[in-house]
Amino acid sequence: MPLKLTHPNQVPHPAAEAMLPAIGGFPTSDRPLFLAGYSELCRIDLNGKRVLEICGGHGKLAAAVARSFPSAEVMGLDLYAVSGPEADEWCRQSPGLSYIAGDAFDLSRFEADSLDLVWGQAALHHLAHDIDGLCVQVARVLKPGGRFVFIFEPMGHNLAVAAIRAIRMAREELGDESNLYLSQFEKMARYFGACEVQMFNLLGYPLKAFSDRFRPLCRLVQRADAALFGRFPGLLRYGANCNVVFTKSL
Ligand SMILES: C[S@@+](CC[C@H](N)C(=O)[O-])C[C@H]1O[C@@H](n2cnc3c(N)ncnc32)[C@H](O)[C@@H]1O
């Protein structure tokens, strides 16, 4: 099944705005990318649904989803999930949320065909060393028609990503991280069916570090990206960052 590459410019889902604090320390210039990703989480009404965040860090996004969809059962896991009074308070403020320490490569605690949505933010590039292992786990637990979403991932086809992250890897700043490639998404799509890749940040990736100081410049570059993607769709594959949405076949 071929990948569908897009640069989304649709109006964000109203619930997605309320989730924006979950972008934490990421540059504010990336808000459109996160808004598009959070809109994908909201694409189906999650009330009454069972959903799981993998690699959730401090659990901020899972908590935001739980608050936006009060009758959803929201579960989050991370290898190093925070615990103690702070985490307890977090869960208390977000009814429907449970947050546990766990490994994304071992979802055996979840029944087959039991989840409507599994997602990760800035997560897949930590799991790319065993794409097949991950997909086997997630394809088992997702219901038919369920969605597997990644928000904000770095793409190695973009030369600035390749160069900057190669330097950071050589300095051992990036630990278990890898860049991602469309060929990996093609491989993943075989486990699920449909795959849409939303591409962002064609020119502006090196500006990210300064984006809070040069906001007007960043906005200009984003407009240039949108115009270039629209005029030359072949450039979509060279975006620096993406959101990816897999949908499990019915
Ligand atoms: C870049 S952080 C992203 C955290 C959070 N999603 C966010 O956006 O702030 C990547 C997270 O993946 C977690 N992680 C890495 N490998 C994992 C695995 N195999 N299972 C569960 N979590 C993992 C790390 O502990 C870390 O919290």
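Note that this is a predicted model, so its numbers are computed, not measured. (Residues numbered from 1 in each chain as written. Predicted model: local features only at pLDDT ≥ 70, side-chain atom pairs only at ≥ 80, totals over all residues. Heavy atoms only, no water.)

### Focus: the overall build of the protein chain
The cut-off we apply is this: Under the scheme used here, helices are H or I runs from DSSP no shorter than 4 residues and strands are E runs no shorter than 2 residues, and both carry numbers assigned from the N terminus. Put simply, the radius of gyration uses C-alpha atoms, and a globule should come to 2.2 Å times the residue count raised to 0.38. Think of it in three bands: residues with accessible area under 20% of the maximum for their type are buried, residues over 50% are exposed, and the middle band is partly exposed, with areas taken using a 1.4 Å probe on protein chains only.
Regarding its fold elements, the protein chain presents nine helices and eight strands. Relative to the 2.2 N^0.38 estimate, which gives 18 Å for 250 residues, the radius of gyration of the protein chain is 17 Å and therefore close to what a compact globule would have. Principal-axis analysis of the C-alpha atoms gives the protein chain an extent of 45 × 40 × 40 Å. Sorting the 250 residues of the protein chain into buried and exposed places 50% on the buried side.

### Observations regarding the nonpolar core
For clarity, the cut-off: Buried residues of nine kinds, namely Ala, Val, Leu, Ile, Met, Phe, Trp, Tyr and Cys, make up a nonpolar core once their side-chain atoms join them within 4.5 Å. Should any heavy atoms of two residues lie within 4.5 Å, those residues are counted as being in contact.
Counting 39 residues, the largest nonpolar core has I54, F148 and F185 as the members making the most contacts within it. In terms of residue count, the dominant contributor to this core is helix α6 (residues 131-141) (six residues). Contact partners of F148, with chain neighbours within four places excluded, come to I54, V118, L134, V138, L142, M188, F192, V244, V245 and F246. In terms of nonpolar packing, the next biggest core, distinct from the first, is built from 35 residues, A22, A63, V65 and I151 among them.

### Concerning the site of the ligand
We apply this condition: Distances are taken per atom, and a residue is near a molecule or strand as soon as one of its heavy atoms is within 4 Å of it. Here a polar contact is taken to be a pair of N or O atoms separated by no more than 3.5 Å, where protein atoms must pair a possible hydrogen donor with a possible acceptor and residues adjacent in sequence count only if both atoms sit in side chains. Surface accessibility in these figures is a Shrake-Rupley result with a 1.4 Å probe; residues are shielded only by whichever protein chains are displayed.
Taken together, 16 residues surround the ligand, and among them C55, D78, D103, A104 and Q121 come closest. The backbone of C55 places a nitrogen or oxygen atom 2.8 Å from a nitrogen atom of the ligand. L79 places a polar main-chain atom, nitrogen or oxygen, 3.1 Å from a nitrogen atom of the ligand. Relative to its unbound accessible surface of 590 Å², the ligand loses 78% to contact with the protein.

### A few points about helix α2 (residues 31-41)
With nine of eleven residues buried, α2 lies mostly within the body of the structure. When α2 is considered as a whole, its buried residues turn out to be L33, F34, L35, A36, G37, Y38, S39, E40 and L41. Buried residues belonging to α2 abut α1 (14-18), α3 (60-68), β5 (115-121), β6 (142-154), β7 (193-200) and β8 (241-248).

### What to know about the sheet that holds strand β4 (residues 97-101)
Basically, it comes down to this: A pair of strands counts as paired when DSSP detects no fewer than two bridges linking them. Whenever a helix is involved, its axis is fitted only over the stretch in contact; in every case the axis is a line through C-alpha atoms, and angles between N-to-C directions fall within 0 to 180 degrees.
Overall, mixed pairing links the eight strands, which are arranged β1-β7-β8-β6-β5-β2-β3-β4 in an open sheet. Both edges of this open sheet fall to β1 (4-6) and β4, since each of them pairs with a single strand only. On average, each strand axis in the sheet is tilted by 15° relative to the strand beside it, whichever way the strands run. Strands in contact with α2 are β5, β6, β7 and β8; relative to β6, the strand with the most contacts, it is inclined by about 170°.

### Focus: the pattern of salt bridges
Here is the rule: Take a side-chain nitrogen of Lys or Arg and a carboxyl oxygen of Asp or Glu: if they are within 4 Å of each other, that pair is a salt bridge.
Enumeration according to the criterion identifies nine salt bridges in this entry. Close ionic contact of R147 with E40 constitutes a salt bridge, the shortest N to O distance being 2.6 Å. Of this pair, R147 sits in strand β6 while E40 sits in helix α2; the two residues are 107 residues apart in sequence, bridging distant segments of the chain. Both residues of the pair, R147 and E40, belong to the buried class. D113 serves as the salt-bridge partner of K248, at 3.1 Å between the closest nitrogen and oxygen. A residue pair is termed long-range when its members are at least 10 positions apart, and K248 in strand β8 and D113 in the loop between β4 and β5 qualify at 135 residues. On the accessibility criterion, K248 (13% relative accessible area) is buried. Residue classification places D113 among the partly exposed residues on the basis of a relative accessible area of 42%. Three or more residues joined by partner-sharing salt bridges are found here, namely E40, R43 and R147.

### Digging into unusual backbone geometry
Positive phi outside glycine occurs at D113, with the angle close to 55°. Of note, the phi angle at E172 is positive, near 60°, even though the residue is not glycine. Here E172 is to be found in the loop between α7 (159-170) and α8 (182-192). Residue E172 is classed as exposed on the basis of its relative accessible area of 71%.

### Things to note about the environment of V65
For V65, the position within the fold is in helix α3. A relative accessible area of 0% places V65 in the buried class. Here the alpha-carbon distance between V65 and V51, two residues 14 residues apart in the chain, equals 9.4 Å. Not counting residues within four places of it along the chain, the set of residues in contact with V65 comprises M19, L41, L46, V74 and W119.

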